[in-house]
Structure formats: C-alpha cells, structure tokens
Amino acid sequence: MEGENMKYGIFLPNGSNGYILSGSTSLYEPTFEHNKQISVEAEELGFDMVLSMMKYRGFGGRTGYWDSCLETFTLMAGLAAVTRKISLFPSVTLLAHHPAVVARMVATIDDISGGRCGLNVVTGWNKPEYTQMGLWPDDSYYARRYELAKEYVSILRQLWADGRCTTQTEHYTLEDCACYPVPRHQPMVVAAGQSPAGMQFVAEVGDRNFVMASGETLKQKVADLKGTARDLGREVGTFACIQIVAEATDEEAEAHTRKIIEDADLGAITAVMASATLDTNPAGTSEQLKNALNRDPADGNAAFMGMPVIRGSYQRVAEQLDRVAEETGIDGVMLCFPDYLKGIRDFGDRIMPHLSSASL
C-alpha cells in the first residue's frame, strides 16, 4: 500500500484549538460548521478519511486546550449527511460506552453515509476524564486496558456480522444481544497503539495503526507491526501522525513553527504531562507526550501535541512527505494544521502538485 497508494487523512479539530497547545494561533471553540467545511474541502481534494477524537475533560491552561469537545458520534453522523465519498471515523472511548451501543451507533452512521463509517478505538490513558464520571475502574486498568479492548472489538465484529451476540467475558455479558441493522460491510477498526501492548492489540484485531514517531523509530514501528501481523496471518497498515506547517518559504515556515513553540501554553502542557505520567503502560502515547517538551519539532514537540512537524515551503513539505513514505514504509498519513481551512487549501493547491506519493 506504499507509494502511489498512500492514503491521506485529517484529524478533525473537534476539540478547542485543534492540536496546537499555544497562544500564537487563533484560539477557537469547536463547531460543526468548521468541521463540516474542513471535511467537505478534504473530500473535494480527494482525501481518504477524516477522524474525530473524543475528550470528556480538557487540559485548561490559558488557551483552554480541549476544554470544549464536540461529541464524536453525533458529529460524524452530521458529517455523514453532508459528504459523499470520504470515510468517517468516530472515536470510541471504551470506558464510556458499552460495545452493543457503539455497534448500533456505527451501523447508524454507516447507513447515513452509505457504507463509509469505521471506528477509532481509544483505550484511554487520561484518568481524569473518567474519574469525574465515576467510570475509572482502578489503576490496574493502565496495564490491562488492551485485554478489555480485544473483548470489545470481538463483540463489535460479531454484532456487525451477525446482528446478534451471546458471550461471557471478564468484562461483558451479552445474552442473545441484538443489533440491527448491521453495517453494509465490516467497518474498519483503527487505533493509536504505540506501546508494545498497543501494537500487539492492533496486530491482532486492528486494521490500521496511528503512530506519533519519526525517522528510524517510525520505520521500526512500521516493520514490527507488519511482521507481527503477518505472523498472525493478517495485513495491518501504519499511518503516521504529522503536523504540517507550510508557507511560501522555508524561512517563513520555520518562523511560524518557532512562534508556536515560544508561545506554548505551559499550563495546558503541564496538565497533559501530569495525566500522561500516571500511565504505567511503557513506551506508549503517554510516554511520547511526557518526553516532548524540549523535543525538536521534527520529532514531536509538546506544543504540537507530541506529533512530528513537517515544515517548510510548499515544495519542501511535499518532498519531505514523499521521503517519509519512501523510507519508512507507512501506508498513509493523518494530518493536522495550525489553521485547518488554510492548511487544507494550501495542501491541495500548492503541495499536492509536487507529491509523487499522492493517491489523491
């Protein structure tokens, strides 16, 4: 799926201020209209998918980072009705929804969209989101959350395939549980598994993995996941999570990037770090965030939510994207922008023409 079959997706900004923890960019509350404009624009340009995350409690700071968040399934149902081709991925936070309820919600969005709904599975490392609702089991969940996730996905897939499920697992009891209508196809399941346990989970039951890494680390994660999945008789792809800062010149893009970092919301970043530090699961997404405060933007600075930044002139950004695709073996990218509408339009008008890896 490499090269000319590279896929391009968008992480929608359905939480306050998107994926930038800084006061240097325009601060905004999430709205359906904004996410609709982004999704329609992305579809017209030929992007393959959009994904909305879910946060029940933000990280505050002077920017109010993610303090407001549009509910992911409701949002994607609305987007399903105003788009025609692009794939739609709501995010399920496992502790907040029973799998039988989620199976029905996905089937409904799948019907609205004509078969375009998948699902992003979020096991949940941000403990304060769940303690406020009395949903956090205990801290052993950090180490065992992927066991629950496997049970969860197994139930989803049986309900989607058969419309009924009877099972008794450690966490769930279903007795002739019905879920009709079933989706037109088995929805694609994606996740962001960076730790060994997370990557094993995706290799066993997922279809695509999202990774916040760059260079040799990204290349190794891609190879490890494909190898593990192959040993299990499965084919699983990796999408790199990337922030794009593109301007007319390299100098302008560098200045923009530095401005974001210099005006970083340290209060919000501290809150992210504090929550990530609680996670006992080694080498995962929370580990990436904990170590991101002083990291070079190319490797994922905290002001960019730990995602690697590709920055430069429009042509240089295209060259870097092509290089990442060629050197790491990724199957696609999930993109974020400081200013989404401008960023997507610039991507279509000024970056895509230079891409050799685009399937757009």
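Look a little higher up for the structure.
Residues numbered from 1 in each chain as written. Predicted model: local features only at pLDDT ≥ 70, side-chain atom pairs only at ≥ 80, totals over all residues. Heavy atoms only, no water.

K.L.:
Now, about the nonpolar core: what can you tell me, with residues and values included?
P.N.:
In this structure, Ile10, Phe11, Ile244, Leu335 and Phe347 are the most contacted members of the largest nonpolar core, which totals 115 residues. It is helix α5 (residues 141-162) that provides the largest number of residues to this core, a total of 11 residues. Dropping the residues within four chain positions of it, Phe11 is found in contact with Tyr19, Leu51, Phe210, Cys241, Met307, Met334, Leu335, Cys336 and Tyr340. (Core = buried A, V, L, I, M, F, W, Y, C linked by side-chain atoms within 4.5 Å. Buried < 20%, exposed > 50% of the residue type's maximum accessible area, 1.4 Å probe, protein only. Helix = DSSP H or I, 4+ residues; strand = E, 2+ residues; numbered from the N terminus. Contact = heavy atoms within 4.5 Å.)

K.L.:
Lay out the pairing of strand β7 (residues 173-178) with the relevant residues and their values.
P.N.:
Side-chain positions along a regular strand alternate between the two faces of the sheet. Bridging between strand β6 (residues 164-168) and β7 involves 4 bridges; their strand directions are antiparallel. From the neighbouring strand, Arg164 faces β7, where its bridge partner is Ala178. Linking β6 back to β7 in an antiparallel pair, the connection comprises 4 residues. (Pairing = 2+ DSSP bridges.)

K.L.:
Describe the packing of aromatic side chains, and please don't skip the residues or the numbers.
P.N.:
Where two aromatic rings form a pair, the distance of their centres and the angle of their planes describe that pair. Scanning all chains against the criterion turns up 18 aromatic pairs. Measuring from centroid to centroid gives 6.1 Å for Phe59 and Trp66, while their planes differ by 45 degrees, and the two rings are tilted. Note on Tyr152 and Tyr172: the rings are 5.9 Å apart at their centroids and 80 degrees apart in plane angle, and the pair reads as edge-to-face. Here Tyr152, found in helix α5, pairs with Tyr172, found in the loop between β6 and β7; they are 20 residues apart in sequence, far enough to count as distant. Like Tyr172, Tyr152 is buried. Among the aromatic side chains, those forming a connected cluster through ring pairs are Phe11, Tyr19, Phe59, Tyr65, Trp66, Phe210 and Phe239. In this structure, Lys55 packs its charged tip against the face of Trp125, placed 6.0 Å from the ring centre. (Phe/Tyr/Trp six-rings, centres within 6.5 Å; stacked < 30°, edge-to-face > 60°. Lys NZ or Arg CZ within 6 Å of the ring centre and 35° of its normal.)

K.L.:
So, unusual backbone geometry: which residues are in play, and what are the values?
P.N.:
Following Tyr180, the chain continues into Pro181 via a peptide bond in cis, with omega recorded as 0 degrees. Secondary-structure assignment places Pro181 in the loop between β7 and β8 (189-191). Despite not being glycine, Asp176 has its phi angle at roughly 45 degrees, a positive value. Structurally, Asp176 is set in strand β7. Looking at Asp176, the relative accessible area reads 46%, which means it is partly exposed. The phi dihedral of Met305 is positive, around 60 degrees, even though this residue is not glycine. Within the element layout of this structure, Met305 appears in the loop between α10 (285-290) and β11 (309-313). Take Met305: its relative accessible area is 7%, and that puts it in the buried class.

K.L.:
Account for helix α7 (residues 215-231), naming residues and giving values.
P.N.:
Look at α7: 25 Å from first C-alpha to last across 17 residues, which is about the 24 Å you get at 1.5 Å a residue. Taken together, the buried positions of α7 are Leu218, Lys221, Val222, Leu225, Gly227 and Ala229. Tucked inside the fold, the buried residues of α7 contact α6 (196-205), β9 (208-211), β10 (237-247) and α11 (314-328). (Expected span 1.5 Å × (residues − 1).)

K.L.:
Mind laying out the side chain of Thr83, listing which residues take part and the relevant values?
P.N.:
Among the structural elements, Thr83 can be located in the loop between α2 (72-82) and β3 (87-89). The exposure class of Thr83 is buried, given its relative accessible area of 6%. At 2.7 Å, the side chain of Thr83 forms a polar contact with the backbone oxygen of Leu79. Sequence-distant contacts of Thr83, that is, excluding residues within four places in its chain, are made with Ser39, Val40, Glu43, Leu88 and Arg116. (Polar contact = N/O pair within 3.5 Å; in protein donor to acceptor, adjacent residues only side chain to side chain.)

By themselves, these figures tell us nothing about what the structure is for.
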